[in-house]
Amino acid sequence: MKILGEKIRHYRKLRGLSQSELADGICTQATVSLIEKKDKIPSMEILVRICDRLGITMNLVIVNDDSQIYSLISDIKKSFYQNDFNGISDKLGKLNNINVNNKQEIKLIHFFHGLIEYVTNKNYDKAIFDFNRAMNVNIANVDMYDILIDIFTAKAYINKKSLDEAKVYYDQAKDLIKSSLEKIGDENYHDSILIYDNMSDLSLKLNENQQAMKYANEGIFIARKEQTLFKLDEMYSYLAEAGTREGQKADEDYIKAYVISSVSEDKKVFEQLKSKVQDMHLNIF
């Protein structure tokens, strides 16, 4: 039998648990780390107890299981990171014919359906309906997608011109971030950056400029630490916009955003920033 450590990590993240929380009373944090990173097989007793805590059966994390659901959701997340919403729709369609029982996966499926309604179809009422279905999945532990669900629900309400409702979900997202800082730090950096990037954008939309700068700086810090350009152009752009609104000189941040966007894959962001720096008559070189 070979254990699939990446699947253990996947379901731990879906549960919103740190390695230490998963290990508590069962084994050491180091053992969980070896399982996830090195596919180290623990004793049968430890494996059974870990699976029980995760609410999964053992056949989901051993090599003879062809976890199609796990694979599709992993691919959906990758498409999300790449702004490939056609890819998300395609993979969601494949999940329609599969019986999904894991609550964390059900929550994610509702969220991504809502995301498609929000981004692609511009059907904000349907997006809010799907986001609320995701929220209503009864799971004890908060994970990173709970924060993203609140953020995108707030954004959908903004597009409906319902600012009071948007502020409710914005405040919920702020509270979740404050109570989940350790988990955010332990998260896949894509998810952590997505939280801060979208929270900065949402803060700007609600004229919370100081908060927008705070969240942009948090996301930029993670991107620098991970040596990634992921969303870095957007976050510098939000930082610059918020600083300008607060009366600060933000030329340098706009230039950083523009230069980074010139080598990123999101040409829409590049064109927006190109227009901005031209309107501001900034000297790029």
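The rules behind these values
Residues numbered from 1 in each chain as written. Predicted model: local features only at pLDDT ≥ 70, side-chain atom pairs only at ≥ 80, totals over all residues. Heavy atoms only, no water. Buried < 20%, exposed > 50% of the residue type's maximum accessible area, 1.4 Å probe, protein only. Helix = DSSP H or I, 4+ residues; strand = E, 2+ residues; numbered from the N terminus. Axes fitted to C-alpha atoms, helices over the stretch in contact; angles between N-to-C directions. Left-handed = near helix turned anticlockwise from the far one by under 90°. Contact = heavy atoms within 4.5 Å. Nonpolar A, V, L, I, M, F, W, Y, C, P; charged D, E, K, R; others polar. Polar contact = N/O pair within 3.5 Å; in protein donor to acceptor, adjacent residues only side chain to side chain. Expected span 1.5 Å × (residues − 1). Parallel < 35°, antiparallel > 145°, perpendicular 65-115°, else oblique.

1. Focus: helix 1 (residues 5-15)
Next, step 1: Across the 11 residues that make up helix 1, a large majority, nine, are buried.
Next, step 2: Buried residues of helix 1: Gly-5, Lys-7, Ile-8, His-10, Tyr-11, Arg-12, Lys-13, Leu-14 and Arg-15, and no others.
Next, step 3: Phi for Gly-16, located one or two positions after helix 1, is positive at around 75 degrees.

2. Here we look at the packing of helix 14 (residues 232-245) against helix 16 (residues 267-279)
Next, step 1: Remark: helix 14 packs on helix 16, axes separated minimally by 11 Å, with the N-to-C direction vectors making an angle of 35 degrees. Taken as a pair, helix 14 and helix 16 cross one another with a handedness that is left-handed. Listed contacts from helix 16 to Asp-233, Glu-234, Ser-237 and Glu-241 of helix 14 are Val-269, Leu-273 and Lys-276.
Next, step 2: Here the residues of the contact of helix 14 with helix 16 are counted per class, giving two nonpolar, one polar and four charged.

3. Some points on the environment of Asn-83
Next, step 1: With respect to the secondary-structure elements, Asn-83 resides in the loop between helix 5 (68-81) and helix 6 (85-95).
Next, step 2: Put simply, Asn-83 and Asp-266 are 183 residues apart on the chain and 8.4 Å apart in space, counted from C-alpha to C-alpha.
Next, step 3: Not counting chain neighbours up to four residues away, the residues in contact with Asn-83 comprise Lys-231 and Asp-266.
Next, step 4: Separated by 3.5 Å, the side chains of Asn-83 and Lys-231 make a polar contact.

4. A few points about helix 12 (residues 189-205)
Next, step 1: Helix length check: helix 12, at 17 residues, gives a terminal C-alpha distance of 24 Å against a target of 24 Å (1.5 Å per residue), a fit within 8%.
Next, step 2: Within helix 12, 15 of the 17 residues are buried, which leaves it mostly tucked inside the rest of the structure.
Next, step 3: Its side-chain oxygen at 2.7 Å from the backbone nitrogen of His-190, Asn-188 defines the N-terminal cap of helix 12.
Next, step 4: Among the residues trailing helix 12, Asn-207 stands out with phi positive, at a value near 60 degrees.

5. Here we look at the packing of helix 1 against helix 7 (residues 103-119)
Next, step 1: Where helix 1 meets helix 7, the axes come as close as 9 Å, and the angle between the chain directions of the two elements is 70 degrees. The orientation of helix 1 relative to helix 7 falls into the category roughly perpendicular. Between helix 1 and helix 7, the contacting residues are His-10, Tyr-11, Leu-14 and Arg-15 on the first element and Gln-104, Glu-105 and Leu-108 on the second.
Next, step 2: When grouped by side-chain class, the residues that make up the contact of helix 1 with helix 7 number three nonpolar, two polar and two charged.

6. Here we look at the environment of Val-269
Next, step 1: Its location among the elements puts Val-269 in helix 16.
Next, step 2: Judged by relative accessible area, which is 8%, Val-269 ranks as buried.
Next, step 3: Val-269 has contacts with Asp-233, Glu-234 and Ser-261, leaving out every residue within four places of it along the chain.

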